[in-house]
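Structural description and commentary
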Amino acid sequence: MAAVKLLGAWVSPYNCRVICALKLKGIAYEYMEEDLLNKSPLLLQYNPVHKKIPVLVHGGRSICESAVILRYIDETWPENPLLPADPYERAVALFWIKFADDTTFPIAMMYLITGEEQKKAAKECSEMLETIEEHGLVEGKKFFGGDEINMVDIAFCSVAHWLGVIEEVTGLKAFEPHKFPKLNSWILNFKSVPVIKESLPDIETMLAFFKGRREMVLASKSS
Amino acid sequence: MASGEVKVLGTWASQFAMRPRIALNIKSVDYEFIEEKNLLEEKSQLLLQSNPVHKKVPVLFHGDNKPICESLIILQYIDETWSSGPPILPSDPYDRATARFWAAYLDDKWYPAVKSLGIAEGDEAKKTAMAQVEEGVALMEEAFGNCSKGKGFFGGDEIGYLDIAFGSFLGWLRVVEKFNGAKLIDEAKTPGLADWAERLCSHAAVKDVMPDADKLAEFAMIVVAKIRGLGLAAHSL
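- You'll find chain B entered in an unreviewed UniProt entry as glutathione transferase, with Hibiscus sabdariffa given as the organism.
- In its Subcellular location (unreviewed entry) section, the UniProt record describing chain B reads: "Cytoplasm, Cytosol".
- In UniProt, chain B has this text filed under Catalytic activity (unreviewed entry): "RX + glutathione = an S-substituted glutathione + a halide anion + H(+)".

- Per an unreviewed UniProt entry, chain A goes by the name glutathione transferase and belongs to Hibiscus sabdariffa.
- Quoted verbatim from the Subcellular location (unreviewed entry) field of the UniProt record, the comment on chain A reads "Cytoplasm, Cytosol".
- As its UniProt record puts it under Sequence similarities (unreviewed entry), chain A is described as follows: "Belongs to the GST superfamily. Tau family."

Concerning the sheet that holds strand S1 (residues 4-8) of chain A
All names here are of chain A.
- The four strands lie next to each other as S2-S1-S3-S4, forming an open sheet whose pairing is mixed. The open sheet has two free edges, formed respectively by strand S2 (30-33) and strand S4 (61-64), since each of these has just one partner strand. If you compare each strand with its neighbour and ignore which way they point, the axes differ by 20 degrees on average.
- Sheet analysis places S1 next to strand S3 (residues 55-58), joined by four bridges and oriented antiparallel. The residue bridging Val4 from the neighbouring strand is His58, located in S3.
- Running over the sheet, helix H1 (residues 13-24) touches S1, S2 and S3 and is turned about 155 degrees from S1.

Focus: the UniProt feature "domain: GST N-terminal" (unreviewed entry) in chain A
- Per the UniProt record, "domain: GST N-terminal" (unreviewed entry) is found at residues 2-81 of chain A.
- Helix makes up 36% of residues 2-81 of chain A and strand 21%, with an end-to-end C-alpha separation of 20 Å.

Reading the values: rules and limits
Residues numbered from 1 in each chain as written. Chains lettered and ligands numbered in written order. Predicted model: local features only at pLDDT ≥ 70, side-chain atom pairs only at ≥ 80, totals over all residues. Heavy atoms only, no water. UniProt positions renumbered as here; feature names shortened; annotations may be inferred. Pairing = 2+ DSSP bridges. Helix = DSSP H or I, 4+ residues; strand = E, 2+ residues; numbered from the N terminus. Axes fitted to C-alpha atoms, helices over the stretch in contact; angles between N-to-C directions. Contact = heavy atoms within 4.5 Å.

Following this line, the structure appears as structure tokens:
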């Protein structure tokens, strides 16, 4: 089997998605941490269009965009499938993965904003959580994938793990367990899956990182 | 596999609604086209019920299944459901990843630039938006060279996922060219795409669903005026 490399950044939820998928499939890979403030020539070569991580390199060829990478992994290593087999169920799963792509990206960036912009982002975040609670999660189902996690669960890792950290760092409040009971159960279930626990970055390290970044943002805004 | 009637909810002008129609034509699947009459100002109950999250077209109805939303996802559903027909996605996982990457690029990066250009006011704004649109077209010219591997379509000998994803924008691209006195796809700058566009637009699966350029231009003027009048952002399109 050709070598698998992952260019990533530990703090990125998109990177985490790929790590979750690789670990769930038991795929061996070499991890290369990118300094996002000083992008390597390798990253620029492998992802000239977006210049972003994660990038999966398999047999020397690069695959970019985490949602595309997840499907590539699922199709190349078909054991332990991460999507339903039925075309309709699959379409529903893909819908929610796209929803996660389109609406959850602000979460990890919310430390950058303050004031009115932050209020607006918090509102959008709440709306996003409401939509998932109302339309995406089914009462009684442990995961988006049913009894086992699947690609949809992985796609929402930023909601499960980054949101709480960002809320603590910014003082913003979007998620309340009593307001989002299904989502709350899902988060607890998701984070107790052993492979996921292994793949999520350490909370204390994340808090330190985002607090540091937050301080820099606030300092630059007051100067 | 679900069986039963197939319906597509969309509008004649929507590039996104065109996509499932092309795919169903490729698969020789009969379908009913339900036209959404006033997408910008008054969405139908059917649309609001069948796509409560996004309230956008297209929506695919197939037999007893609940509605399926998001045009690219619908393409994949059509490909998997009518798997005995001509394939829409390539068979190799890397080629599939490439097709999906470019389709996502078009929808998430390039098309917002096209919309910005459409409602831009003032020379500076237009210039910036135009540069982004042109950059995207240049990338697609290169992608065409890589994906087609000397054949007529992104999908090779036959129309595929990326042909549908990009081809659905051709009508609007011609409108943008007309309104801005620019040439985005032409023999000189993008020879590969120029030939491809002609080939695609005359393809049996495409020609009846590609909107007439003049009709689209007229419609575009109304839409832009409404967007500006209503003070809406480009993303509401």
